[in-house]
Amino acid sequence: MTILERILLSKRLEVKQMLMNVENVSRETFVERPTLFAALKNAEQLQVISEIKRASPSKGEIAFGVDPSVQAQIYEKSGAACISVLTDAPFFKGSFADLSAVAKTVQIPILCKDFIIHEVQIDRAKAAGASVILLIVAALNAESLLRLYRYAMRLGLEVIVEVHDRNEMEQAITVGARIVGVNNRDLRTFEVDLRRTEEIASRFPFGDQHVLISESGIWHPDDARRVAAYGAEAVLVGESLMRSGDAGEAIRSLQVRKVGARV
Ligand SMILES: O=P(O)(O)OC[C@@H](O)[C@@H](O)c1c[nH]c2ccccc12
């Protein structure tokens, strides 16, 4: 069984639990956040979506003890375009408590980073203060992808549709995705290769209506320049920021000039 299959198996159980506990979820009101799409489009520099990542199945512990609010404040102050918060507990040691703590602290867009397979998870993300959710094409069939995409839109959330090959990218565009994230890490094998961004960019419908994000494996300004040259307008960065002694400086070093956007 691949890691993605194992995660999805555990998600099905989590969804069952969530469906039994829907009434117990507290719903708070959060500030109105700017839209991620506009934040990425209106910038001259490559934008950084900065992730709170305590652990991962490929790397084990990254920063178990981090205070998500403190880390998020550093990210926001350093010009991050959005904060991504992992909410999966079994494999990434995240939680919806982390997400709401971050939502209470910062004003910028917040991405609920999880393996979404059911509407109840989208409700939960919104209740915890997210303004953006992730839908992973490799985790969904065409019908569920479309259904969950429309559901999130109806709730006023933005959606990043995650792909890792051209065929998945075409599916993302077909459902109407405007924000597409290329995961440079294959969730089946953990292999990271920035050429995934290059491959998808070669067919991506660049223009006013679509924005491309390069996700995972971004460590150095050279990586940022490379994916910017392919046409990415943002990077999604977790581990390298969590491990950096100065996350603010690390973010600023990745905000290189956008060069590749074919618009
Ligand atoms: O820590 P990295 O290599 O910078 O990667 C961040 C982010 O892209 C990665 O956490 C991620 C991308 N897509 C996902 C889907 C689920 C869980 C995690 C992810």
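In this numbering scheme, every chain counts its residues from 1 along its sequence in written order. Two thresholds apply to this predicted model, a pLDDT of at least 70 for residue-level local features and 80 or more for giving and counting side-chain atom pairs, whereas whole-chain, interface and lining totals are computed over all residues. Side-chain calculation: all heavy atoms of the structure are included, whereas hydrogens and water are not.

1. Remarks on the overall build of the protein chain
And step 1. Helix and strand assignments come from DSSP, with helices taken as H or I runs of at least 4 residues and strands as E runs of at least 2, each series counted from the N terminus. Tallying secondary structure elements over the protein chain gives 11 helices and 10 strands in all.
And step 2. Here the globule rule reads 2.2 Å times residues to the power 0.38, and the radius of gyration is calculated from C-alpha atoms. Compactness check: the protein chain gives a C-alpha radius of gyration of 17 Å against a globular reference of 18 Å for 263 residues, within 12% of the reference.
And step 3. Each principal axis of the C-alpha distribution contributes one length, and for the protein chain these read about 50 × 40 × 35 Å.
And step 4. Each residue's exposure class comes from its accessible area (1.4 Å probe, protein chains only) as a fraction of the maximum for that residue type: buried when under 20%, exposed when over 50%, partly exposed otherwise. Residue burial in the protein chain is summarised as follows: out of 263 residues, 57% are buried.
And step 5. When checking whether two residues touch, look at their non-hydrogen atoms; a contact exists if any pair is within 4.5 Å. The long-range fraction of contacts in the protein chain, counting pairs at least 24 apart against all pairs at least 6 apart in sequence, stands at 71%.
And step 6. In this description, accessible areas are obtained by the Shrake-Rupley approach with a 1.4 Å probe, and a residue is regarded as covered only by the protein chains that are shown. A total of about 11300 Å² of accessible surface is found on the protein chain, and carbon and sulfur atoms cover 50% of it.
And step 7. Here the protein chain contributes 33 positive and 34 negative side-chain charges, whose respective centroids are spaced 1 Å apart. The sign given to each residue is positive for Lys and Arg and negative for Asp and Glu; His and the chain ends receive no count. Lys charges are placed at NZ, Arg charges at CZ, Asp charges at CG and Glu charges at CD.

2. So, the nonpolar core
In globular proteins that are soluble, nonpolar side chains generally tend to be buried together.
And step 1. Take the buried Ala, Val, Leu, Ile, Met, Phe, Trp, Tyr and Cys residues and link them wherever side-chain atoms come within 4.5 Å; each set so joined is a nonpolar core. Ranked by internal contacts, the top residues of the largest apolar core, which has 94 residues, are Tyr-75, Ile-83, Ile-133, Leu-135 and Ile-160.
And step 2. Non-local contacts of Ile-83, meaning those with residues more than four positions away in its chain, are made with Ser-50, Ile-52, Ala-72, Tyr-75, Glu-76, Val-102, Val-106, Ile-108, Pro-109, Ile-110 and Leu-111.

3. Focus on the sheet that holds strand S9 (residues 211-215)
And step 1. By definition, two strands form a pair when at least two bridges between them are found by DSSP. Taken in spatial order, the 8 strands line up as S1-S4-S5-S6-S7-S8-S9-S10 and close into a barrel, and their pairing is parallel. Sheet twist, expressed as the average angle between the axes of neighbouring strands with direction ignored, equals 25°.
And step 2. In terms of strand pairing, S9 meets strand S10 (residues 234-237) through 3 bridges, oriented parallel. Bridge pairing links Ser-214 to Val-235 in S10.
And step 3. Contacting strand S1 (47-52) and strand S4 (82-86), helix H3 (residues 68-77) runs over the sheet at an angle of about 170° to S1. All axes here are fitted lines through C-alpha atoms, helices being fitted over the stretch that makes contact, and every angle between N-to-C directions spans 0 to 180 degrees.

4. Description of the pattern of salt bridges
And step 1. Any Lys or Arg side-chain nitrogen located within 4 Å of an Asp or Glu carboxyl oxygen qualifies as a salt bridge. Scanning the entire structure with this criterion turns up 18 salt bridges.
And step 2. The partner of Asp-98 in a salt bridge is Arg-54, and the shortest N-O contact between them spans 2.9 Å. Taken together, the residues Asp-98 in helix H4 (residues 96-105) and Arg-54 in the loop between S1 and strand S2 (55-56) connect sequence positions 44 residues apart. An identical accessibility class is assigned to Asp-98 and Arg-54; each is buried.
And step 3. We note a salt bridge from Asp-222 to Arg-225, for which the minimum N-O separation is 3.0 Å. Separated by 3 residues within a single helix, Asp-222 and Arg-225 lie in helix H9 (residues 221-230), roughly one turn from each other.
And step 4. Judged by relative accessible area, Arg-225 falls into the partly exposed class, the value being 45%.
And step 5. Salt bridges sharing common partners tie together Lys-11, Glu-14, Asp-88 and Asp-114.

5. Some words on the confidence of the model for the protein chain
Predicted coordinates in regions of low pLDDT should not be interpreted in detail.
And step 1. Summary of the metric used: pLDDT quantifies the predictor's per-residue confidence within the range 0 to 100. Confidence in the prediction of the protein chain, expressed as mean pLDDT, is 96, and 98% of residues score 70 or more.
And step 2. For this predicted complex, the interface confidence reaches an ipTM of 0.99, while the overall pTM sits at 0.97.

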